[in-house]
Amino acid sequence: MIADILGVPGLEDASREDLLTLIGELRAVNASLMARIAQQDERIAAQDKRIAQLERALGRNSGNSSMPPSSDDLPGRKTPPRRPGTGGKRGKRPGAPGSGLAWSAEPDRVLPHYPGGSCGCGTDLGEAADEGVARSHQVHDVPLVTRTITQHDLHRVRCACGRTHVGVRPEDVQGSPVSYGPNLRALVVYLMVFQHVPVERCARLVADLTGARPSTGFIHGMLTRTAEALRDVVALIKTLITAAHVAGFDETTVRAGAAGTKKYILSASTGTCTLFTLGGRDIASFAEFGVLPAFTGIAVHDRYALYDHPSLTQSLAGHQLCCSHLLRDLADAAESHPGQHWPEQISRALRGLIRAANTARDHALPTVAPDLADPLILELRRGVRVGLSVLPRVPGPASTTKQHPGRLLLECLRDREDDVLRFAVDTRIWPTNNLSERDLRPHKTQQKISGRLQSEDITRDRLTIRSYISTAAKHGTDILTALHQAITGNPWMPPATMPT
């Protein structure tokens, strides 16, 4: 029997001792094979986990994470699907206002054009009777910009009493014998800070457009000079944000300094003011920024832990977690747990509450009507309960055990429901922090163009100027005009009223 099973001839005549020895050897081989199988199972499990992590990392895009939309085009990335019901093809929607050139009732110039030559009868058309305009065509164009050199002669005069007097130099004329005027200085700052043009290309652009040839050193130095003129304005902006009822807080990475050190741009935004600073993603940098520790309103932000740190939030009236981040996290949960209905259920309820809050705000209502909000909140809570039941916590100490992101998201929706849905009970509160993200986006454009910024001090000057022009733009002020005012020593100032 044993010989047939093992396929070893001659076992029928083997002694008991030989059989026991063989059995022992077989057990040792079996134990070795089982250990090897166990190692392979462990290796396969680790590889499966690693593959899942890589697939999750590769599957992250602007639709299921905080990654910018520009990263969706990277090799291997999957473009996020469009949400159902968002419309058809891209472009102008039916009924949306157009933006074509409009006919001007008061053109700057009118040039008459009369037919020339002679008529078929031989009469010169210059002698024909004018019967009025047959057709008109308006052309919108810009004049070619050329540098002009203005010499300011300060005359000396002598009074009859013998005293001499010299004419006063205009305020916008610098003290050096030869200088660039405020229009050109404002232009180079505008190009570098608002349009993200590198300094050498800025010099070339100005030369090609105007004929003036400012040096790169002069152009670069304008950032510091302009920032110095804006210190008082930025201090007022900081005060206005600190006094606001609602403000959004966000941060993004930037490479700055000779070594290209990773830094963070910290931002604070309201509907009328914007403030930026350069620092780190730590308590000291947030405290040095100075807005959060003194802010007494509602802080809109993502789930980064520092926004809940006691030393920064002791004065807050409350939090509003950014629902755009929550919706992206729910999209990620739907991809990580295919076949589960709770991510879509929670997303549907949250989007419904956001639409209801936006509608209520448009109608000047202070809160979302309970008959609209209550069913949606109930649907959200049920989705959270279902998710928690099918996605249990990983057992182990809380300090060392890593929980699945979906579980942490569900616990946040359960434990911080007031901070998730605060916008539904006060329509002055934004449901998302999209405003702050839009304010920060130009800095990412700057970094894509420049790679890194050479100097931390100049980066801070850029952020000072950007705070100023972003705030001015929110008040409808022309940016070039605001920069011209700052450069001539009379910077635009935001109204000293509490923003909402």
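What you see as residue numbers is a count from 1 along each chain, following the sequence as written. Confidence filtering applies because this is a predicted model: local features only for residues at pLDDT of at least 70, side-chain atom pairs given and counted only at 80 or more, and all residues used for totals across whole chains, interfaces and linings. As a convention, hydrogens and water are excluded, and side-chain values are obtained from all of the structure's heavy atoms.

### So, the overall build of the protein chain
Then, number 1: The secondary structure listing takes helices from DSSP runs of H or I that are at least 4 residues long and strands from runs of E that are at least 2 residues long, numbered from the N terminus. When its secondary structure is counted, the protein chain shows 16 helices and seven strands.
Then, number 2: Taking the principal axes of its C-alpha atoms as reference, the protein chain extends roughly 140 × 80 × 60 Å.
Then, number 3: Counting across all 500 residues of the protein chain, residues that qualify as buried make up 37%.
Then, number 4: Put simply, of all contacts in the protein chain between residues at least 6 apart along the chain, 60% involve residues at least 24 apart.
Then, number 5: Accessible surface computed for the protein chain: about 30,600 Å², of which carbon and sulfur atoms make up 55%.
Then, number 6: Two residue types count as positive, namely Lys and Arg, and two as negative, namely Asp and Glu; His and chain ends fall outside the count. Throughout, a charge is located at the NZ atom of Lys, the CZ atom of Arg, the CG atom of Asp or the CD atom of Glu. Within the protein chain, the 52 negative side-chain charges are centred at a point lying 4 Å from the centre of the 59 positive side-chain charges. With a 1.4 Å probe rolled over the protein chains alone, any residue whose accessible area is under 20% of its type maximum counts as buried; one over 50% counts as exposed, and the rest are partly exposed. The contact definition used throughout considers only heavy atoms, calling two residues in contact when any of these lie within 4.5 Å. In these tables, accessible area is a Shrake-Rupley quantity obtained with a 1.4 Å probe, and a residue counts as shielded only by the protein chains included in the view.

### Some points on the pairing of strand β3 (residues 246-256)
Then, number 1: A large share of β3 lies buried, amounting to nine of its 11 residues.
Then, number 2: Criterion used throughout: strands pair if DSSP finds at least two bridges between them. Note: β3 against strand β6 (residues 298-301), three bridges, orientation parallel. Pairing of G248 across the sheet is with V300, part of β6.
Then, number 3: Of the strand pairs in this sheet, β3 and strand β4 (residues 261-269) are connected by nine bridges, and their pairing is antiparallel.

### Overview of the packing of helix α9 (residues 323-336) against helix α10 (residues 342-362)
A pair of packed helices can be characterised by two numbers: the angle between their axes and the separation between those axes.
Then, number 1: Between the N-to-C directions of two axes lies an angle of 0 to 180 degrees, each axis being a line fitted to C-alpha atoms and, for a helix, fitted only over the stretch in contact. Orientation of α9 relative to α10, taken along the N-to-C sense of each, is 160°, at an axis distance of 9 Å. The orientation of α9 relative to α10 falls into the category roughly antiparallel. Classified by chirality, the crossing of α10 by α9 is left-handed. Residues C323, L326, L327, L330, A333 and A334 of α9 pack against W342, P343, I346, S347, L350, R351 and I354 of α10.
Then, number 2: Its residues assigned to classes, the contact of α9 with α10 comprises 11 nonpolar, one polar and one charged. Note that the term roughly parallel is reserved for angles under 35 degrees, roughly antiparallel for angles over 145, roughly perpendicular for angles of 65 to 115, and oblique for everything else. Should the near helix be turned anticlockwise from the far one by less than a right angle, the crossing is termed left-handed; should it be turned clockwise, right-handed. All amino acids are sorted into three groups, where Ala, Val, Leu, Ile, Met, Phe, Trp, Tyr, Cys and Pro are nonpolar, Asp, Glu, Lys and Arg are charged, and the leftover types, Gly among them, are polar.

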